[in-house]
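Structural overview for review
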Amino acid sequence: MQQTTFQLNSENYHSNEANQHYMSVSQFKSAMECEAKTLAEVKGEFTRPPSTALMVGSYLHAAFESDEVFADFKEQNHQSIYNNRGNKYKDYEKADDMIETIKNDEFCMFALQGEKEVIYTGELFGVEWKIKIDNINHDRGFFSDLKSTQELRKRYWSEKYNTWVSFVQAFDYVLQMWVYREIIFQNTGRYYDPYIVAVTKETPPDKAVLHFDTTRFDFEKEYVQTMLPSIIEAKLGYKTPHRCDKCEYCRATKKLEGTFEIEYLLD
Ligand SMILES: [Zn+2]
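Now for a description of the structure that goes with this document.

How each quantity is defined
- Residues numbered from 1 in each chain as written.
- Predicted model: local features only at pLDDT ≥ 70, side-chain atom pairs only at ≥ 80, totals over all residues.
- Heavy atoms only, no water.
- Helix = DSSP H or I, 4+ residues; strand = E, 2+ residues; numbered from the N terminus.
- Rg over C-alpha atoms; globule rule 2.2 N^0.38 Å.
- Buried < 20%, exposed > 50% of the residue type's maximum accessible area, 1.4 Å probe, protein only.
- Areas by Shrake-Rupley, 256 points an atom, 1.4 Å probe, with all protein chains shown as cover.
- Lys, Arg positive; Asp, Glu negative; His and termini not counted.
- Charge placed at Lys NZ, Arg CZ, Asp CG, Glu CD.
- Pairing = 2+ DSSP bridges.
- Salt bridge = Lys/Arg side-chain N within 4 Å of Asp/Glu carboxyl O.
- Axes fitted to C-alpha atoms, helices over the stretch in contact; angles between N-to-C directions.
- Contact = heavy atoms within 4.5 Å.
- Donors = N, O, S within 2.8 Å, 3.2 Å for Na, K, Ca; no water.
- Tetrahedral: all angles 85-135°; square planar, octahedral: opposite > 155°, others 65-115°.
- Expected span 1.5 Å × (residues − 1).
- Arc of directions from axis to C-beta.
- Phe/Tyr/Trp six-rings, centres within 6.5 Å; stacked < 30°, edge-to-face > 60°.

Helix and strand counts for the chain stand at twelve helices and seven strands. Against the compact-globule benchmark of 18 Å for 267 residues, the chain has a radius of gyration of 20 Å, which places it among compact chains. A principal-axis box enclosing the C-alpha atoms of the chain has dimensions of 55 × 50 × 40 Å. Of all 267 residues assigned to the chain, the portion counted as buried reaches 43%. Here the chain displays about 15900 Å² of accessible surface, and carbon together with sulfur accounts for 47% of that area. If you average the places of the 32 positive and of the 43 negative side-chain charges in the chain, the two averages end up 3 Å apart.

Note that strand β1 (residues 115-124) and strand β2 (residues 127-137) share nine bridges and pair antiparallel. Looking across to β2, one finds that Leu 124 is bridged to Val 127. Where β1 folds back onto β2 in an antiparallel hairpin, the turn is made up of two residues, including Phe 125, whose phi is positive at roughly 55 degrees.

Considering all chains together, one arrives at nine salt bridges under this definition. A salt bridge links Lys 239 to Glu 35, with the nearest nitrogen and oxygen atoms 3.1 Å apart. Of this pair, Lys 239 sits in the loop between α11 (216-235) and α12 (248-253) while Glu 35 sits in helix α3 (residues 35-42); the two residues are 204 residues apart in sequence, bridging distant segments of the chain. By relative accessible area, which is 27% here, Lys 239 ends up partly exposed. A single salt-bridge network, built from bridges that share partners, covers Lys 160, Asp 172 and Glu 220.

Bringing the sheet that holds β1 into the picture now. Spatially, the five strands line up as an open sheet ordered β1-β2-β3-β6-β7, and their pairing is mixed. Among the strands making up the open sheet, the edge pair consists of β1 and β7 (207-211). Pairs of neighbouring strands in the sheet enclose a mean axial angle of 40 degrees, with direction left out of account. Alignment of strand β6 (residues 193-200) against β7, held across five bridges, turns out to be antiparallel. Counted as the bridge partner of Ala 198 is Ala 208 from β7. Packing against the sheet, helix α7 (residues 90-103) makes contact with β3 (142-149), β6 and β7, and its axis sits at approximately 130 degrees to β6. Against the sheet, helix α10 (residues 173-188) touches β1, β2, β3 and β6, its axis set at about 85 degrees to β1.

The protein atoms that coordinate the zinc ion are Cys 34 (SG), Cys 244 (SG), Cys 247 (SG) and Cys 250 (SG), at distances of 2.3 to 2.4 Å. Angles of 102 to 116 degrees at the metal separate the four donor atoms of the zinc ion, which places the site in the tetrahedral class.

Let us now look at unusual backbone geometry. Of note, the bond from Thr 203 into Pro 204 is cis; its omega dihedral lies within 30 degrees of zero at -10 degrees. Among the structural elements, Pro 204 can be located in the loop between β6 and β7. If you check the backbone angles, Glu 117 has positive phi at about 50 degrees while not being a glycine. At Asp 172, a residue that is not glycine, the phi angle is positive and equals roughly 60 degrees. Mapping Asp 172 onto the fold places it in the loop between α9 (167-170) and α10. A relative accessible area of 10% means that Asp 172 is categorised as buried.

On to α7. Between the first and last C-alpha of α7 there are 20 Å, a value that for 14 residues agrees with the 20 Å anticipated at 1.5 Å per step. For α7, every residue scored as buried is listed here: Tyr 92, Lys 94, Ala 95, Met 98, Ile 99, Thr 101 and Ile 102. Buried residues of α7 fall within an arc of 165 degrees about the axis and therefore sit on the same side.

It is worth spelling out the packing of aromatic side chains at this point. In this structure the tally under the stated criterion is 18 aromatic pairs. Geometrically, the ring pair formed by Tyr 59 and Tyr 92 is edge-to-face, given 5.1 Å between the ring centres and 75 degrees between the ring planes. Highlighted residues: Tyr 59 in helix α4 (residues 52-65) and Tyr 92 in helix α7, separated in sequence by 33 residues. For Tyr 59, a relative accessible area of 0% puts it in the buried group. On the basis of relative accessible area, Tyr 92 is assigned to the buried category, the value being 2%.

Keep in mind that these numbers describe shape and distance, not what the molecule does.
Here it is as structure tokens:
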């Protein structure tokens, strides 16, 4: 994993080999949920069943990458997007509504101007990371990521922050922005400003362009520094990966060894 012989590109970016060699924000977030599931996935021993939410997310991103990419995406995923009568499934009709909302807003479109799907690698706490940026604008020194969410102001309870938080913290987007900002800095020598272009699944969709107070990043840096060693030790085979005992991988591979008191059901 620490060898630098791997040639990362857009074809192999999401491959098991790339994930074995590099840490990424999604691998880190997944390992925070369950190390055992994440490492089984990285080794190719477990494949997450395809989810509609993930597909719709890719559909949204493809729409803003380029007309060509979007057309290709629709063609390759025709079965998932269209029913037998050639109409789009409800989730994709909703996604079209969200796409229109963003396209009709000049400010949103301004925040999405730049190079798409740019790959960088870098090093954080002695570990090699890979990132793929939705959109980066070198002229103006910013990068942005399109995120869909239920409602802009919905509250989520967070164990990580030990308080109520917005969807941005709940889905670890602050952590993502911190990692991206650092890796971009290592590649360009400049700290870029991160933005989230948020669009909601409401009818009609709501929208916002969000920026970050940079003091938020200190916490994320410390969090990654604290949590990363355990993942890396498990990844290198120095320790048994921690099992969450709740996810689909853990349920599918669980072997009972005893009873537990009912108190622990609500852990
Ligand atoms: Zn698990």
